[in-house]
Amino acid sequence: MGTDLHELLRSLRVWDAGTTTLPPFDPDTAPPTPLLLFENWFAEAVEAGQPEPHTMSLATADAQGNPDVRIVMLHGADADGWSFASHATSRKGRALAAHPYAALAFYWPVLGRQVRLRGPVTSAPSRESQADLHARSTGALAAALTGRQSEDLSSLEDLRQASEAAWKRARQHPTEPSSTWTLYRLHPDTVEFFQGDAERRHVRLEYRSTEFGWTRTLLWP
């Protein structure tokens, strides 16, 4: 007999005291730009032992306006935007070509924190995209050289053969380019920082980009 999903859900709790610390967050002390606060929060998530703090949800919309979301890895964050990478021919790549606007979400439960971003997305020049790829591991290059991301797969054996060939190429030619590999940058219009609170008085601070710089606004939880 299968597990009762609703009963299992009712048994679960978030932010267990044994694994989560909810630090205070005074938005009046927040820096003037979201990048500075993101860098601080990211470093604190790493220090707190948050597993894979560099993973994030990426939401896009395709040519028909249908939404999609998946987990990707943050490749960097600086004045040029928050960066991630994929094949231009993948499902997310095709969606970004049709609608170059996306949303990102980070969740760091060890601190009860979220960071959410929305904004237009641009593609880096090919030279930068290839440099990003070759700065990564041999496995990352092999996966990129395997290619065909999001295409229909007839069997796991086909995947095994293509992957083995790609691993061989990656080891023998560590600077081999992947023509479709693309570094994307999201330039945020808004960045929200969410700090959870045990009494449900969660603090939400949203930065909004204007022609005069960033403004900061509190949001009701």
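In short, a report on the structure. Computed from a predicted structure; not experimentally measured.

**A short note on the nonpolar core**
Next up, step 1: Counting residues in each nonpolar core, the largest one holds 27 residues, and the members touching the most others are Phe-106 and Val-115.
Next up, step 2: Put simply, the parts of the chain that give this core at least two residues each are helix H2 (34-47), strand S1 (55-61), strand S4 (81-87), strand S5 (101-108), strand S6 (113-123), strand S7 (181-186), strand S8 (190-195) and strand S9 (203-210).
Next up, step 3: Top contributing element to this core by residue count: H2, with 5 residues.
Next up, step 4: Aside from chain neighbours lying at most four places away, what touches Phe-106 is Phe-38, Pro-53, His-54, Thr-55, Met-56, Leu-74, Trp-82, Arg-113, Gln-114, Val-115 and Leu-117.
Next up, step 5: Counting residues in each nonpolar core, the second largest holds 11 residues, with Leu-145, Ala-166, Ala-170 and Leu-183 among its members.

**Quick notes on the layout of surface pockets**
Next up, step 1: Estimates place the volume of the largest pocket at around 300 Å³.
Next up, step 2: If you go around the largest pocket, you meet 16 residues; those closest to its centre are Ala-85, His-87, Ala-143, Gln-149 and Trp-181.
Next up, step 3: Breaking the lining of the largest pocket down by element, the ones donating at least two residues are strand S2 (67-73), S4 and helix H5 (138-146).
Next up, step 4: Sort the elements by how many residues they give to the lining of the largest pocket and H5 lands first, with 4 residues.

**Re the pattern of salt bridges**
Next up, step 1: Applying the stated criterion to the full structure yields 11 salt bridges.
Next up, step 2: With a closest N to O distance of 3.0 Å, Glu-151 and Arg-148 form a salt bridge.
Next up, step 3: Among the ionic contacts, a cluster of salt bridges with common partners joins Arg-116, Glu-192 and Arg-204.

**Remarks on H5**
Next up, step 1: Looking at H5, one finds that the buried residues are Leu-141, Ala-142, Ala-144 and Leu-145. All buried residues of H5 project into a common sector of 165° when viewed along the axis, lining one side.
Next up, step 2: At its buried positions, H5 is contacted by S4, helix H4 (126-134), helix H6 (156-172) and S7.
Next up, step 3: Two residues or fewer after H5 comes Gly-147, characterised by a positive phi angle close to 65°.

**Some points on H4**
Next up, step 1: Taken together, the buried positions of H4 are occupied by Ser-129, Gln-130, Asp-132 and Leu-133. End-on, the buried residues of H4 take up no more than an arc of 155°, which puts them together on one face.
Next up, step 2: Of the surrounding elements, those touching the buried residues of H4 are S4, H5 and S7.

**Regarding the environment of Arg-127**
Next up, step 1: Tracing the backbone shows Arg-127 in helix H4.
Next up, step 2: Given the relative accessible area of 63%, Arg-127 is considered exposed.

**Structural notes on the side chain of Gln-195**
Next up, step 1: Following the sequence through the fold, Gln-195 ends up in strand S8.
Next up, step 2: Using a relative accessible area of 2% as the deciding quantity, one classes Gln-195 as buried.
Next up, step 3: Looking at Gln-195, its side chain comes within polar contact range of the side chain of Arg-113, at 2.6 Å.

**Examining the packing of H5 against H6**
Next up, step 1: Running from N to C, H5 and H6 cross one another at 125°; their axes reach a closest spacing of 8 Å. In terms of orientation, H5 lies oblique with respect to H6. Pair H5 / H6 crosses with right-handed handedness. Where H5 abuts H6, its residues Thr-138, Gly-139, Leu-141, Ala-142, Leu-145 and Thr-146 lie against Ala-162, Ser-163, Ala-166, Trp-167, Arg-169, Ala-170 and Arg-171.
Next up, step 2: Considered class by class, the residues forming the contact of H5 with H6 number 7 nonpolar, 4 polar and 2 charged.

Conventions and cut-offs
- Residues numbered from 1 in each chain as written.
- Predicted model: local features only at pLDDT ≥ 70, side-chain atom pairs only at ≥ 80, totals over all residues.
- Heavy atoms only, no water.
- Core = buried A, V, L, I, M, F, W, Y, C linked by side-chain atoms within 4.5 Å.
- Buried < 20%, exposed > 50% of the residue type's maximum accessible area, 1.4 Å probe, protein only.
- Helix = DSSP H or I, 4+ residues; strand = E, 2+ residues; numbered from the N terminus.
- Contact = heavy atoms within 4.5 Å.
- 1 Å grid on protein atoms, 1.4 Å probe; cavity = no way out; pocket = protein on both sides within 12 Å on 5 of 7 lines; lining within 4 Å.
- Points joined across faces, edges and corners; volume = space filled by probe spheres on them.
- Salt bridge = Lys/Arg side-chain N within 4 Å of Asp/Glu carboxyl O.
- Arc of directions from axis to C-beta.
- Polar contact = N/O pair within 3.5 Å; in protein donor to acceptor, adjacent residues only side chain to side chain.
- Axes fitted to C-alpha atoms, helices over the stretch in contact; angles between N-to-C directions.
- Parallel < 35°, antiparallel > 145°, perpendicular 65-115°, else oblique.
- Left-handed = near helix turned anticlockwise from the far one by under 90°.
- Nonpolar A, V, L, I, M, F, W, Y, C, P; charged D, E, K, R; others polar.

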